[in-house]
Protein chains: 2
Amino acid sequence: MKKKALVLLSGGLDSATAAAIAENEGFELAAMTFRYGQRHEVEISSAKELAAYFKIEKHIIIDIPTEIFRSALTSSQPGAVPRNREINTDEIPDTYVPARNILFLTYALAYCESMGASDIFIGANAVDYSGYPDCRPEFFVKFEEMAKAGTKMGVQGIPFYIHTPLLEMTKSEIILRGTELGIDYFMTHSCYDPDPDGASCGECDSCILRRKGFLDAGIPDPTRYRKS
Amino acid sequence: MKKKALVLLSGGLDSATAAAIAENEGFELAAMTFRYGQRHEVEISSAKELAAYFKIEKHIIIDIPTEIFRSALTSSQPGAVPRNREINTDEIPDTYVPARNILFLTYALAYCESMGASDIFIGANAVDYSGYPDCRPEFFVKFEEMAKAGTKMGVQGIPFYIHTPLLEMTKSEIILRGTELGIDYFMTHSCYDPDPDGASCGECDSCILRRKGFLDAGIPDPTRYRKS
């Protein structure tokens with residue numbers, strides 16, 4: 001029987017690649033996606049499409065009350081998401097969502113412990129990223145230590161792993177690896193501030209990093225951008 | 001203006017006392033309560049009653065999908081909750097709920113960071129407890145370290161505190177302190193497996209510890225127990 005892994009599947013390019021890597025490593029996948037009032041709820045349709053593509057039977061979608069996460073990413077104000085800015089990873093941008101990855105990983109941890117699974121995959125990335133504290137290697141180390149101290153499996157010495165296969169990869173490396181594993185990135189969605197019909201803005205941090213990633217990888221960008 | 005604190009208010013004896021201590025320290029309280037399929041959902045009515053007693057304006061009740069937390073405490077099986085057992089804190093009992101305090105604290109953390117508050121109160125207790133890993137001092141130390149590495153306020157050096165005022169107190173000390181601060185423990189609910197009308201079983205770990213606490217404190221036990 002295949003070993004089970006839970007993949008945090010946002011519907012974006014990174015989490016899709018993390019899922020492909022987990023599958024390629026021989027895991028049977030379950031997936032978890034969060035609805036938290038993000039402006040880009042079209043992500044969730046992408047996550048569902050990806051779950052179907054990976055033939056994931058157990059895809060859990062969790063609702064988090066909007067007021068928990070105050071951020072430009074969950075704001076209904078027009079213009080809340082910065083556009084065409086110089087990305088400087090020394091600054092934490094307005095699109096930072098308080099404790100988001102901590103909450104996502106904790107849900108994954110609780111579910112895995114409940115199910116007897118011991119592998120979590122998260123597509124966090126510390127190279128071509130936007131300066132989020134919860135995407136840095138030191139955070140993941142501390143999270144694992146905390147989880148070992150605070151769970152039954154941790155205390156009993158049952159090993160479990162938080163896999164961050166993309167942590168040290170550039171966006172173009174991620175795209176090349178995913179393409180090699182057969183992902184059609186047309187299924188994925190990255191834009192923070194898409195049009196109601198799902199078209200990407202092309203100007204938010206996430207679009208900028210994605211665009212540059214395809215360009216650097218020398219792979220045609222399948223993203224549907226807003227017509228300007 | 002008073003400083004704000006968020007209290008994790010389960011509706012039990014411990015969290016009520018933690019709230020009273022926070023109020024006594026001069027904080028303006030907000031509260032957070034979780035509905036996670038616990039057998040003792042009557043706790044939530046107690047939490048609401050306590051929130052009203054403390055004149056808490058912001059009381060957030062969060063729903064967590066039941067399947068996340070597999071435990072005797074969330075099981076619908078009759079007899080799932082152990083009765084009249086010898087409490088041995090070297091063993092983690094079946095009523096352990098996977099990663100529960102991690103999830104509760106993380107929600108609190110996200111909300112506090114969103115609101116600009118920096119104080120969280122949790123009524124965890126490591127003396128007269130049931131052997132839960134996420135009630136031990138070492139867990140809270142690791143949680144704070146993780147939170148410092150994974151949040152904007154942590155990275156920016158903004159101090160925040162997870163207050164565990166009951167951590168080293170016995171149940172009777174907790175009851176004495178709360179009584180001193182004016183709490184009527186009749187408002188609180190501790191039983192893991194109450195009757196549909198809210199009467200406590202008197203035989204689960206939580207009832208046993210509570211009963212003994214009142215006895216040791218020399219304070220009449222206001223709990224309404226099941227008529228046998």
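So, here is what we can say about the structure in this document. (Residues numbered from 1 in each chain as written. Chains lettered and ligands numbered in written order. Predicted model: local features only at pLDDT ≥ 70, side-chain atom pairs only at ≥ 80, totals over all residues.)

Moving on, we come to the relation of the copies chain B and chain A. Of the transformation superimposing chain B on chain A, the axial component is 0.0 Å and the angular component is 180 degrees, with the fit at an RMSD of 0.0 Å. Classification of the inter-copy transformation places it as that of a two-fold axis. Interface overlap between copies: 100% of the residues of chain B at the interface are likewise at the interface in chain A, consistent with a symmetric, same-surface contact. (Least-squares fit on C-alpha atoms with pLDDT ≥ 70 in both. Contact = placed C-beta atoms within 7 Å.)

Let us look at the interface of chain B and chain A. On the side of chain A, 33 residues touch chain B, which itself brings 33 residues to the contact. Contributing elements (two or more residues each) for the side of chain B that touches chain A: helix H3 (100–115), helix H4 (137–150) and helix H5 (152–155) of chain B. If one sorts the elements of the side of chain B that touches chain A by residue count, H3 of chain B sits on top with 10 residues. Partitioning the side of chain B that touches chain A into residue classes produces 20 nonpolar, 6 polar and 7 charged. (Helix = DSSP H or I, 4+ residues; strand = E, 2+ residues; numbered from the N terminus. Nonpolar A, V, L, I, M, F, W, Y, C, P; charged D, E, K, R; others polar.)

Here the focus is helix H4 (residues 137–150) of chain A. When the terminal C-alpha atoms of H4 of chain A are compared, their 20 Å separation across 14 residues agrees well with the 20 Å that a helix rising 1.5 Å per residue should span. Along H4 of chain A, the residues classified as buried are Phe139, Phe140, Lys142, Phe143, Met146, Ala147, Ala149 and Gly150 of chain A. Those residues of H4 of chain A hidden inside the fold are in contact with helix H3 (100–115), helix H5 (152–155) and strand E5 (161–163) of chain A together with H3 and H4 of chain B. (Expected span 1.5 Å × (residues − 1). Buried ≥ 20, exposed ≤ 12 C-beta atoms within 10 Å, placed from the backbone.)

As a further point, take unusual backbone geometry. Residues and elements named next belong to chain B. In this structure, Lys55 takes a positive phi of about 55 degrees despite not being glycine. Mapping Lys55 onto the fold places it in the loop between helix H2 (42–53) and strand E3 (59–63). A tally of 9 C-beta atoms within 10 Å means that Lys55 is categorised as exposed. Backbone geometry places Ala99, a non-glycine residue, at a positive phi of 55 degrees. Within the secondary structure, Ala99 is located in the loop between E3 and H3.

Our next topic: the environment of Ala5 of chain A. Summarising the element assignment, Ala5 of chain A is placed in strand E1 (residues 4–8). Along the sequence, Ala5 of chain A and Asp184 of chain A sit 179 residues apart, while their C-alpha atoms lie 22 Å from each other.

Another point: the pairing of strand E2 (residues 28–35) of chain A. Residues and elements named next belong to chain A. Counting buried residues along E2, 6 of its 8 residues qualify, which places the element largely inside the surrounding structure. In the sheet, E1 pairs with E2 via 5 bridges, with the strands oriented parallel. Paired with Leu6 across the two strands is Ala30, which belongs to E2. Crossover E1 to E2 through helix H1 (residues 13–24) is right-handed. Pairing between E2 and strand E3 (residues 59–63): 5 bridges, direction parallel. Counterpart to Ala31 in the pairing with E3 is His59. The β-α-β motif built from E2, the intervening helix H2 (residues 42–53) and the parallel element E3 has right-handed crossover chirality. (Pairing = 2+ DSSP bridges. Right-handed = clockwise from strand over helix to strand, strands pointing away.)

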